[in-house]
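Residue-level structural notes
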Amino acid sequence: MNPFQFNLPTDIHFTDAHFSALKTALNKENPTRILLVYGMHSLKKSGLYEGIINVLRELNIPFDEVNNVPANPTLSKVHDAQAIIQKNKTDFILAAGGGSVMDAAKAMAVSAFVSKDEVWEIYARKRWFDKALPLGVFVTLSGTGSEVNGNSVINNDYDGVKWSIGDPLLRPKFAIINPAHQLGLKSDAFKATTLDIIHHTLEQFFDLTEGTSTSDYLMMGLIKSVRENLDHVLDDSYTLDTYKNLAWASTIGLSFMLQKGKEGAWESHRISYPLTADYGIIHGYALSMVIPAFLTYSFNHTHPRLNERLAFLGREVFDGETGMDVITRLKDLYKKAGAPVTYSDAGLKKPSRDAFVKMGQTIMDYGTLGKMQELDAEKIADIYALIEA
């Protein structure tokens, strides 16, 4: 187990008194002008938009809005917000939505202090930043864990490339979470983000660090809880507690508490980006395709530590299965939730080898990749090929 330092500065309000909590949180931050960021239609249809606006008006906080943030948040939308932020001297961002809205809001927080071109240079790792606007989040769809970390993924819709950044400056100051807003949700967006909890946990679990039993058992418990509660959603035996447990699992899952003392292995995350950027597959579903393929490739090519990890996962979650049988059971879990594990499942014809290599080259442009073994464009193409049509 490796040495580590852990701090979780986000003030979490897990409550049904969501507007009261929002008022308390904003009073603490004392902003002078807010940018409210949200998605397409659901915030207004649910009545949450009106409630948030009423809080802002009650507190006499001037605000601007950026809406219609897409499920795959775009650089152009960040640029729209940047113009408003810099013109109106915004000093706080409030994101109301799920992971995509939160990721976009973080990019907007960075954009306040840089030029239009420099926003993407930061995501492309050509430069970095040393300040960002503070932000808070009002969570309407749990799963990504973006409410408690400094990670943000943005799609450059000008050239079709998707990249991510992560920095403590982008951790939300507060998160308002009321799972009652999610009661009864069974959409693809909900299932994809719920599976994201499992994805993120697996990406923290599969690494070479030894002696991490506390984190490992916590992760297995989280996966079992998500699977159990997702089953209740799928067979309509859910209660409000079902959604409460899923929402809390989301927050825990990518707070990075589970990865402390470990390195994690996030290759699958980067490999999934072109499937979203080039083919429009929801992030959580792109990972349900990539993770089994990555594990299959790694099982055949890599460190014996993977066999130990698979055996541990099989013993704790999949009835004692080992090796490739664990990967098969993981795919079955994804398929039961309606997630794709192949190109045909996602409504796609299997791309060509040349397309796979091109996607691999795009990924390698971002820097070296691989914990158990170093990957290159050809090896990444092999992984894409294992996502069978």
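As a starting point, this report considers the structure included with it. (Residues numbered from 1 in each chain as written. Predicted model: local features only at pLDDT ≥ 70, side-chain atom pairs only at ≥ 80, totals over all residues. Heavy atoms only, no water.)

1. Let's talk about helix 5 (residues 99–111)
Residues three or four positions apart in an α-helix share a direction because the helix packs 3.6 residues into each turn. Just so we agree on the cut-off: Secondary structure is summarised from DSSP: a helix means a run of H or I of at least four residues, a strand means a run of E of at least two, and numbering begins at the N terminus for each. Helix span is expected to be 1.5 Å times the residue number reduced by one. Categorising residues by exposure relies on relative accessible area from a 1.4 Å probe, with only protein chains included: less than 20% of the type maximum marks a residue as buried, more than 50% marks it as exposed, and the intermediate range marks it as partly exposed.
End to end, helix 5 covers 18 Å across 13 residues, agreeing with the expected 18 Å (1.5 Å per residue, within 8%). In terms of residue burial, helix 5 counts as a mostly covered element, since twelve of its 13 residues are buried. Residues Gly99, Val101, Met102, Asp103, Ala104, Ala105, Lys106, Ala107, Met108, Ala109, Val110 and Ser111 constitute the buried set of helix 5.

2. Some words on the packing of helix 8 (residues 213–234) against helix 12 (residues 305–317)
To keep it simple, the criterion reads: Simply put, an axis is a line fit to the C-alpha atoms, just over the touching stretch for a helix, and the angle between two N-to-C directions goes from 0 to 180 degrees. To sort the angles, those under 35 degrees are grouped as roughly parallel, those over 145 as roughly antiparallel, those from 65 to 115 as roughly perpendicular, and the leftovers as oblique. By definition, any crossing whose near helix is turned counterclockwise from its far helix by less than a right angle is left-handed, and any crossing with a clockwise turn is right-handed. Contact criterion: two residues are considered in contact whenever any of their non-hydrogen atoms come within 4.5 Å of each other. Any residue that is not Ala, Val, Leu, Ile, Met, Phe, Trp, Tyr, Cys, Pro, Asp, Glu, Lys or Arg is counted as polar, Gly included; the first ten are nonpolar and the last four charged.
Interaxial distance between helix 8 and helix 12 falls to 10 Å at its minimum, and their mutual angle equals 50°. With respect to their mutual orientation, helix 8 and helix 12 come out oblique. The hand of the helix 8/helix 12 crossing is right-handed. In this structure, helix 8 contributes Asp216, Tyr217, Met220, Ile223, Lys224 and Arg227 to the contact, and helix 12 contributes Arg309, Phe312, Leu313, Arg315, Glu316 and Val317. Along the lines of polarity and charge, the residues of the contact of helix 8 with helix 12 split into six nonpolar, no polar and six charged.

3. Quick word on a nonpolar patch on the surface
Threshold: Patch membership requires more than 30% relative accessible area and the absence of a salt bridge. Residues of like charge join within 9 Å; the nonpolar side chains Val, Leu, Ile, Met, Phe, Trp and Tyr join within 5 Å. Note on areas: Shrake-Rupley with a 1.4 Å probe; residue coverage comes only from the protein chains shown. The term salt bridge refers to a side-chain nitrogen of Lys or Arg lying within 4 Å of a carboxyl oxygen of Asp or Glu.
A surface patch of nonpolar side chains, amounting to about 460 Å² of accessible area, comprises Met1, Phe4, Phe6, Leu8 and Met257. Residue placement: Leu8 occurs in the segment before strand 1 (11–14). The exposure class of Leu8 is partly exposed, given its relative accessible area of 33%.

4. A closer look at the pattern of salt bridges
The final tally for this structure, using the stated rule, is 16 salt bridges. Residues Asp207 and Lys262 are paired through a salt bridge, measuring 3.1 Å at the closest nitrogen-oxygen approach. Taken as a pair, Asp207 in the loop between helix 7 (188–205) and helix 8 and Lys262 in the loop between helix 9 (240–253) and helix 10 (267–279) lie far apart in primary sequence, 55 residues in all. The pair formed by Asp207 and Lys262 is uniform in burial state, with each residue classed as buried. Across the pair Arg305 and Glu308 runs a salt bridge whose closest N-O atoms are separated by 3.0 Å. With Arg305 and Glu308 both in helix 12 and three residues apart, this pair spans about one turn of that helix. For Glu308, a relative accessible area of 46% gives the class partly exposed.

5. Re empty space enclosed by the protein
Which entries qualify depends on this criterion: A 1.4 Å probe that fits into a set of points on a 1 Å grid over the protein atoms alone but cannot get out defines a cavity; an open set with protein on both sides within 12 Å along at least five of seven lines defines a pocket, and lining residues are those with an atom within 4 Å of a point. Grid points are joined across faces, edges and corners, and a volume is the space filled by probe spheres set on the points.
For the coordinates displayed, the defined rule picks out one cavity of 30 Å³ or more. Size it by volume and the largest cavity reaches roughly 60 Å³. If you go around the largest cavity, the residues you meet are His199, Leu202, Glu203, Phe206, Ala265, Ser268, Ile291, Phe294 and Leu295. Among the elements of the structure, helix 7 and helix 11 (283–301) are those that each provide at least two residues to the lining of the largest cavity. Partitioning the lining of the largest cavity into residue classes produces six nonpolar, two polar and one charged.

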